Amino acid sequence: MAKKKVIAVVFGGRSVEHDVSVLTGLQFLEALDPGKYEGLPVYIDPLGQWWTGDALANRKQYPIDTSANKNLTQLTLDLATPANGQPRFFAFQKGLMGEKRTEITFDLIVPAIHGSNGEDGTLQGLLEFASIPFSGCRPLGAAATMDKVFTKRNVRTSGINVLPELVLSRPPQGTFLNPETIEANLKATFDGDPYPLIVKPCNLGSSVGVGKADNMDSLIAALMAAFRLDYEVIIEPFVTNLTEYNVAVRRDADGGIVSSAIERPLRNAELLDFKNKYLAGGIPGGPKLDTGPSEGMASLNRTLNPDELSNEQEHFIRSSAETVFDMLSLAGSVRVDFLANSETGEVWLNEVNTIPGSFAYFLWEAAAKPLSFLALTETIISEGFELSARRLGATDTKSGGATIFA
Amino acid sequence: MTQHSNWHSDISGSGDASYIWLHGWGYNRKGFERIAALFQKDGTNTLYDLPGFGDTPMLPEGANTEEYAVALAEQLSDNKPHVIIGHSYGARVAVQLASKYPQKVKAIILISGAGLPRRRSIAFKIKAFSLKVLGRLARISDSLFCTTYRDAYIARFGSSDYKNAGPLRGTLISAVNENLAGTARQIKCPTLLLYGTNDVDTPPEIGRRYEQLIAVSRFTELKGYDHHDILTRGAYQCEALIKSFLKDVEND
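Computed from a predicted model, the values in this text were never measured in an experiment. (Residues numbered from 1 in each chain as written. Chains lettered and ligands numbered in written order. Predicted model: local features only at pLDDT ≥ 70, side-chain atom pairs only at ≥ 80, totals over all residues.)

### Focus: the overall build of chain A
Across its full length, chain A holds ten helices and 16 strands. Out of the 406 residues belonging to chain A, those deemed buried represent 42%. Taking all contacts inside chain A whose residues are at least 6 apart in sequence as the whole, residues at least 24 apart take part in 65%. (Helix = DSSP H or I, 4+ residues; strand = E, 2+ residues; numbered from the N terminus. Buried ≥ 20, exposed ≤ 12 C-beta atoms within 10 Å, placed from the backbone. Contact = placed C-beta atoms within 7 Å.)

### Some remarks on the overall build of chain B
When helices and strands are tallied, chain B shows ten helices and seven strands. In terms of overall dimensions, chain B has a C-alpha envelope of 65 × 40 × 30 Å along the principal axes. Counting all 252 residues of chain B, 42% fall into the buried class. In chain B, once contacts between residues fewer than 6 apart in sequence are set aside, the share between residues at least 24 apart is 73%.

### A short note on unusual backbone geometry
All names here are of chain A. With omega at -5 degrees, the peptide bond leading from Y62 into P63 counts as cis. Mapping P63 onto the fold places it in the loop between β3 (50-52) and β4 (73-77). Cis geometry is found at the peptide bond from Y195 to P196, where omega equals -5 degrees. With respect to the secondary-structure elements, P196 resides in the loop between α5 (179-189) and β9 (197-201).

### Some thoughts on the domain arrangement of chain B
Residues and elements named next belong to chain B. Along its sequence, chain B is organised into domain 1 (9-117 + 179-251) and domain 2 (122-169). Placing the centre of domain 1 and that of domain 2 at their C-alpha centroids yields a distance of 31 Å. Listed per partner, the contact involves five residues of domain 1 and four residues of domain 2. (Domains from an automatic or database assignment.)

### Concerning the sheet that holds strand β14 (residues 302-304) of chain A
Residues and elements named next belong to chain A. Pairing within the open sheet is antiparallel, and its five strands lie in the order β14-β13-β12-β15-β16. The two strands at the open ends of the sheet, each matched to only one other strand, are β14 and β16 (347-353). On average, each strand axis in the sheet is inclined to that of its neighbour by 30 degrees, with strand direction left out of account. Of the strand pairs in this sheet, strand β15 (residues 334-341) and β16 are connected by six bridges, and their pairing is antiparallel. If you follow L339 over to β16, its bridge partner there is W348. Docked against the sheet, helix α8 (residues 311-327) engages β12 (242-251), β13 (257-265), β15 and β16, running at close to 125 degrees with respect to β13. (Pairing = 2+ DSSP bridges. Axes fitted to C-alpha atoms, helices over the stretch in contact; angles between N-to-C directions.)

### Focus: the sheet that holds strand β8 (residues 166-169) of chain A
Residue and element names in this part refer to chain A. An order of β8-β11-β9-β10 is seen for the four strands of this open sheet, with the pairing classed as antiparallel. Edge positions in the sheet fall to β8 and β10 (211-213), since each of these pairs with one other strand and no more. Between one strand axis and the next, the sheet turns by 30 degrees as a mean value, whatever way the strands run. With three bridges connecting them, β9 and β10 associate as antiparallel partners. Each bridged residue has a counterpart across the sheet, and for I198 the counterpart in β10 is K212.

### Considerations on the interface of chain B and chain A
On the side of chain A, 13 residues touch chain B, which itself brings 15 residues to the contact. Broken down by element, the side of chain B that touches chain A gets its largest block of residues, seven residues, from helix α10 (residues 235-251) of chain B. By residue class, the composition of the side of chain B that touches chain A is six nonpolar, five polar and four charged. (Nonpolar A, V, L, I, M, F, W, Y, C, P; charged D, E, K, R; others polar.)

### So, helix α2 (residues 122-129) of chain A
Residue and element names in this part refer to chain A. Within α2, the full set of buried residues consists of L123, Q124 and L127. Down the axis of α2, the smallest arc covering the buried residues is 100 degrees, so these residues share one side. Among the structural elements, β7 (108-111) and α3 (139-146) are those in contact with the buried residues of α2. Looking one or two residues beyond α2, the residue adopting positive phi is S131, at roughly 55 degrees. (Arc of directions from axis to C-beta.)

### A short note on the confidence of the model for chain B
Confidence along chain B averages 90 in pLDDT terms, with 98% of residues attaining 70 or more. Two numbers describe this predicted complex: its pTM, 0.84, and its ipTM, 0.78. (pLDDT = per-residue confidence, 0-100.)

### Focus: the nonpolar core
Most often, soluble globular proteins have nonpolar side chains that are buried together. V9 and V10 of chain A together with I84 and A94 of chain B are the most contacted members of the largest nonpolar core, which has 141 residues in total. It is α10 of chain B that contributes the most residues to this core, eight residues altogether. Look past the residues within four positions of A94 of chain B in its chain and what remains in contact with it is L22, I84, G86, I108 and L110 of chain B. Core analysis: the next-biggest nonpolar cluster, separate from the first, contains 13 residues, I198, V199, C202 and V210 of chain A among them. (Core = buried A, V, L, I, M, F, W, Y, C linked by C-beta atoms within 7 Å.)

### A closer look at the pairing of strand β1 (residues 5-12) of chain A
Residues and elements named next belong to chain A. Across the eight residues of β1, six count as buried, placing the element largely inside the fold. Inspection of the sheet shows β1 paired to strand β2 (residues 37-44) by eight bridges, in the parallel sense. Bridge assignment links A8 to a residue of β2, and that residue is L40. Bridge analysis of β1 against β7 gives four bridges, and the strand direction is parallel. Paired with A8 across the two strands is I109, which belongs to β7.

### Quick look at the pairing of strand β3 (residues 44-48) of chain B
The side chains of a regular strand alternate between both faces of the sheet. Residue and element names in this part refer to chain B. Burial within β3 is extensive, with four of its five residues counted as buried. Of the strand pairs in this sheet, strand β1 (residues 9-12) and β3 are connected by four bridges, and their pairing is antiparallel. Across the sheet, the residue bridging to I11 is T46, located in β3. The sheet contact formed by strand β2 (residues 18-22) and β3 spans four bridges and is parallel. Opposite S18, over in β3, you have T44 as the bridge partner.

### Side note on the environment of F219 of chain B
Residue and element names in this part refer to chain B. Within the secondary structure, F219 is located in strand β7 (residues 217-222). When the 18 C-beta atoms within 10 Å are taken as the criterion, F219 is described as partly exposed. Once the C-alpha coordinates of F219 and G31 are considered, the two residues, 188 residues apart in sequence, prove to be 23 Å apart. Once you skip the residues sitting within four places of it in the chain, F219 turns out to touch L193, G207, R208 and E211.

### Focus on the environment of G86 of chain B
Mapped onto the elements of the fold, G86 of chain B is located in strand β4 (residues 82-87). Once residues within four sequence positions are removed from consideration, G86 of chain B is found in contact with L22, A91, V93, A94, L110 and G113 of chain B.

### A look at the packing of helix α2 (residues 65-75) of chain B against helix α3 (residues 89-100) of chain B
Residues and elements named next belong to chain B. In the contact formed by α2 and α3, the axes pass within 8 Å of each other and the chain directions differ by 65 degrees. In terms of orientation, α2 and α3 fall into the roughly perpendicular class. Crossing geometry of α2 relative to α3 is assigned as right-handed. Contacts between α2 and α3 pair T65, E66, Y68, A69, L72 and A73 from the former with R92, V93, Q96, L97 and K100 from the latter. (Parallel < 35°, antiparallel > 145°, perpendicular 65-115°, else oblique. Left-handed = near helix turned anticlockwise from the far one by under 90°.)

Okay, structure coming up:
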């Protein structure tokens, strides 16, 4: 029997979505085929330190005090891949004779970090540089979709319906937001009375830092909250009678692009903020991490394959999601989010998540051609190996005729 | 003989292949919902409530696993071979069925299967023996002097399963004291044994001994899972192992 491939799933991270990422990472590990793969949990704590250990698999351990936990081993990723091409971590353990370095080899990294420093192309770029195979989007697609404005401007060129937006940068230190300038900007961007508006950080997912503004005062307050999280903030008209629709997209084995079931997240509050999105039905301040099977994005109350969508709406959602996937050369299981006005029926593409919560497995399991999470991890892993191999193959100097020292 | 009543069940999926799911003690058919959902495309899944659990009426008081298996065989009247998946107590019934009615069973899959006595330390045995004596004394005292020591004893030392067993207490006691080693030896069908490394109720050691006893068997340990979350968190890993096992069974 062939040796099992070691799949290092990297989760946690220096991101506001750290906790959700822990769930996504653990779920991926649990859905690995034990006959083929060996999962290696790799946890990045909020300080940016990397750890591994069996204790990471247990949700009850979180939040983990990494420095005090004796069952965890600190890791460093070796960026100078050895000649045999086998990527590895170094682990350091204190012994009687001082610190001892051990090697933990692996075959592929699965980034399961949401938001900054993981979903945004930085980790992907690092891995490509080090010739380490990894799954999901390559740096370009990951970076492009993380910037909401960049995504919108791009998809607009292919005729996909998106909301108009106004982008503001954080005012220089020592200065304040000027209501008059903002007023003028609003007039230039939006027709008529601009309010109500919605304010969100440019480079974050998961609805963190999203706020609604009904007038200039609340707009300034929302802007200040958002600027705490990001340098750039995007202002869009607030969609009345808002209904959201999400769909996941991936490339199947034949190279075609396929879309999953469509979901309509259910919610009570007018606005989907982080707490509503991830803790729906839970007690505020209550434990976020349970041991149950349904958690994170998977436990968010939702209607799958909602029947109110017209054929045109469904076609718009599916075709624009597939277009974005193709246009930005995305990979893995990508979730594309849409906004709709349930009265007028208008639908807009909102954002693209290249590492969605729970890898959006519940959308694939409910798809017209259902795909179990087990099969999804398999496709994500084999695609990762293939994409990385494709790039690694082209980096030999001789193949490009660029040899100088013959 | 017991009256022939239908066991309550949920049926999902369709197809010729038949998967019979037998839940563990204290569970009901719902315990398998998550994992059985992963087999909908593969065949017809019948998730039973075992007698005395969920919505299925009890067998006569004190019924043992063999009687459960006899009653189950009546449910499977079609005489075609089924794949039986049992968790914990359900695995005991699966073992009994496979040895008594080989023609009804294509393969059995025991998830955290019980049925073999645990290996215990001397210290544990001494403690268990002392407690047993104490329990007997309490009962004698109660009958002689109208005391209520027995209730206090159960409240203090009884397991939660024992306390919650109600009219099924006799069935539970017979299960706890039973040793299926001899029965397991008679099993001819292919058997898959799945155990979580963190299982303290039915540790992997039991699975390893089953592997020795059953002629055609495959034992796999699932790292990081316990007696219960192997069915939820571990659903996909079980799915993978069960499917590759059944594929091998087909190809043999």
